[in-house]
Amino acid sequence: SLLLNSSSRFIPPQGVKLSYGTAGFRADASLLPSTVFRVGILAALRSLKTRSVTGLMITASHNQVSDNGVKVADPNGGMLSQHWEPFADALANAPSPQHLILLINEFVEKEGISMDGAGTLEVLLGRDTRPSGDALLQAAKQGVTSIVGAVATDLGILTTPQLHWMVRARNKGMKASEQDYFEQLSSSFRCLVDLIPTEKSKFNGVNDKVVVDGANGVGGVKLKDLGKLLNALAIEVRNSSEDGGVLNDGVGADYVQKEKVVPHGFGSKDAGIRCASLDGDADRLVYFIVPPESSGRIDLVDGDKILSLFALFIREQLSFLNEKEDINQARLGVVQTAYANGASTNYLKQLGLEVNFTPTGVKYLHEKAAEFDIGIYFEANGHGTVLFSESFVGGLEARTNKIASGSKGSEREKAALRLLAVSKLINQAVGDALSGLLLVEVILQHMGWSIHRWNDLYHDLPSRQLKVKVADRTAVVTTNAETVVVSPPGLQEAINEETARYPQGRCFVRPSGTEDVVRVYAEASTQETADTLANSVARLVD
Ligand code: 16G
Ligand code: ZN
């Protein structure tokens, strides 16, 4: 058969066991052709099952350039449905083409997938700028088309969030090209700029340009294209893929957030300026400030602070809306992980917001945020977005339609227009550094705030992250959004005892989902005590 034929061209490497993990499959690129081919099959089956367009993205995000990876976007633009992950694992690890076909037949039967190709059967393919990406994309294409009737559409080099956005847009019957994406972001940005209260319309920051580190990847290129459509904002992009630097090497959001040092291409000349950093596939965003006399250190303005800024703005708009009516039932929820700095959680609670915690990984945060009318989620590492429920957006649309064209209406109507624009600007499929950056920028303009004013919303507690290499990281099992160890027995008690010695101490350990290590996170009132706490707990894990 077609399938047997094509799968015998993609034999999996021996002795490698892959797992779909929090962000799809990731490994050294040389190990991946058969996996990517098989994920092509998976994405086609997912399209067949849902009778909708699905997506397949080839990227290893912030990993080193020699790695690559692959993940599937579901019809709503989100991550692959979790109940298909075991099948993804089984597919990737099937030892031979015969096993593979057996597995597929079994799964097709179990899921009740009808193999007649009627209806939409299309997989959108994208990749980041990694040199291995093109060959892997060809493997994915062959995987997709080995399912009879499935069409693979190669969209070339994209950011991960662009691909997710396009899948979602296609299934909503909207225009879904890259140009449409840029159009939607830039027009909703302009709409928000036009609604800035006049007394604040002169931005009083120290410098009204933002300088962006593109991680030597795809994000910088796309941001330059997007920037051409924005006249209310000057963006200077550094470390773009065409600049010749190595992807994620001393640059990018992951590096900046974890190391808290200036990325290549930045230095003391940038002191005081508003700087931002994207990761390799542009689904993470952090800001930073280079202090004067910095010696290479930065002040990090992380995902928690982006979340806080968004929450503050949205809460203000809701309060304008709410004066009396219908919409005041709107439920605003915030979702964080245990990595959120304790100071950010306190700040959000002081604002009167409902703060929820989930395990690490976008799929968990996203799912939780979708329970609210407006759900804001962010990981400290800069991945996050704002989700609006359809019914809430419907309510906003009904209200804003009544506003006579030309007139901007009352404060309440302006607030509705702003929220509607935010729902279009911010990527509803997945966290998106480009749309996140535009929302940060327009909120700062709206508030008339410099990055310093924003950074002063609260002060991070000193924290330390460590990783511990262990024989078997699956020996550490956690619960309560990864804050409590249930196995090995006794470990949590020992952590509690250690943590109790430190003022404002907080500490947790968890097995990494992407590396063969156990991670330790500690917070305390001083950097020194945070370091000591992290180190002593690391010894407990070892
Ligand atoms: C992946 C996750 C990210 C998470 C990180 C944690 C997605 C799309 N990405 O990159 O959200 O923060 O893993 O890595 O879910 P770790 O498990 O190695 O700490
Ligand atoms: Zn990423």
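No experiment lies behind these values; they were computed from the predicted model shown.

**Focus: the site of ligand 1**
Reasoning step 1: In the vicinity of ligand 1 there are 15 residues, among which Ala-23, Val-362, Ser-512, Gly-513 and Thr-514 approach most closely.
Reasoning step 2: Counted by class, the shell around ligand 1 contains 2 nonpolar, 9 polar and 4 charged residues.

**Some remarks on the sheet that holds strand 4 (residues 122-127)**
Reasoning step 1: A sheet is described by the order of its strands in space; here 5 strands give the open sequence 1-3-2-4-5, paired in mixed fashion. Looking at the sheet topology across the chains shown, the edges are occupied by strand 1 (25-28) and strand 5 (151-157). The sheet shows a mean angle of 15° between the axes of neighbouring strands, taken without regard to direction.
Reasoning step 2: Of the pairings in the sheet, the one linking strand 2 (residues 54-58) to strand 3 (residues 67-73) comprises 4 bridges and is antiparallel in character. When the bridges of strand 3 are listed, Gly-55 appears paired with Ala-73.
Reasoning step 3: Lying on the sheet, helix 6 (residues 160-171) is in contact with strand 2, strand 3, strand 4 and strand 5; it crosses strand 2 at an angle near 170°.

**Focus: the pairing of strand 5**
Two faces belong to every sheet, and in a regular strand the side chains alternate between them.
Reasoning step 1: Two strands pair when backbone bridges link them, and strand 4 and strand 5 are joined in this way by 5 bridges, in the parallel orientation. Paired with Val-123 across the two strands is Ala-152, which belongs to strand 5.
Reasoning step 2: Following the chain from strand 4 across helix 5 (residues 133-145) to the adjacent parallel strand 5, one finds a crossover that is right-handed.

**Some points on the nonpolar core**
Reasoning step 1: Within the largest apolar cluster, 127 residues are counted, with the highest numbers of intra-cluster contacts made by Ala-140, Phe-310 and Ile-376.
Reasoning step 2: Among residues more than four places away in sequence, those in contact with Ile-376 are Leu-307, Phe-310, Ala-311, Ile-314, Val-334, Ala-369 and Val-386.
Reasoning step 3: Among the nonpolar cores identified, the runner-up in size contains 20 residues, and Val-485, Ile-495, Val-509 and Tyr-521 belong to it.

**Some words on helix 5**
Reasoning step 1: Over its 13 residues, helix 5 extends 18 Å from the first C-alpha to the last, a length consistent with the 18 Å expected when each residue adds 1.5 Å.
Reasoning step 2: Buried within helix 5 are the following residues: Gly-133, Leu-136, Leu-137, Ala-139, Ala-140, Lys-141, Gly-143 and Val-144.
Reasoning step 3: For helix 5, the elements touching its buried residues are helix 2 (33-50), strand 2, strand 3, strand 4 and strand 5.

**Looking at unusual backbone geometry**
Reasoning step 1: Of note, the bond from Ser-487 into Pro-488 is cis; its omega dihedral lies within 30 degrees of zero at 0°.
Reasoning step 2: Within the secondary structure, Pro-488 sits in the loop between strand 17 (484-487) and helix 17 (491-499).
Reasoning step 3: If you check the backbone angles, Ala-215 has positive phi at about 60° while not being a glycine.
Reasoning step 4: Structurally, Ala-215 is set in strand 6 (residues 209-217).
Reasoning step 5: For Gln-504, which is not glycine, the phi torsion reads 55° and is therefore positive.
Reasoning step 6: Position of Gln-504 relative to the elements: it lies in the loop between helix 17 and strand 18 (506-511).
Reasoning step 7: When the 14 C-beta atoms within 10 Å are taken as the criterion, Gln-504 is described as partly exposed.

What counts and what doesn't
Residues numbered from 1 in each chain as written. Chains lettered and ligands numbered in written order. Predicted model: local features only at pLDDT ≥ 70, side-chain atom pairs only at ≥ 80, totals over all residues. Near = placed C-beta within 6 Å. Nonpolar A, V, L, I, M, F, W, Y, C, P; charged D, E, K, R; others polar. Pairing = 2+ DSSP bridges. Helix = DSSP H or I, 4+ residues; strand = E, 2+ residues; numbered from the N terminus. Axes fitted to C-alpha atoms, helices over the stretch in contact; angles between N-to-C directions. Contact = placed C-beta atoms within 7 Å. Right-handed = clockwise from strand over helix to strand, strands pointing away. Core = buried A, V, L, I, M, F, W, Y, C linked by C-beta atoms within 7 Å. Buried ≥ 20, exposed ≤ 12 C-beta atoms within 10 Å, placed from the backbone. Expected span 1.5 Å × (residues − 1).

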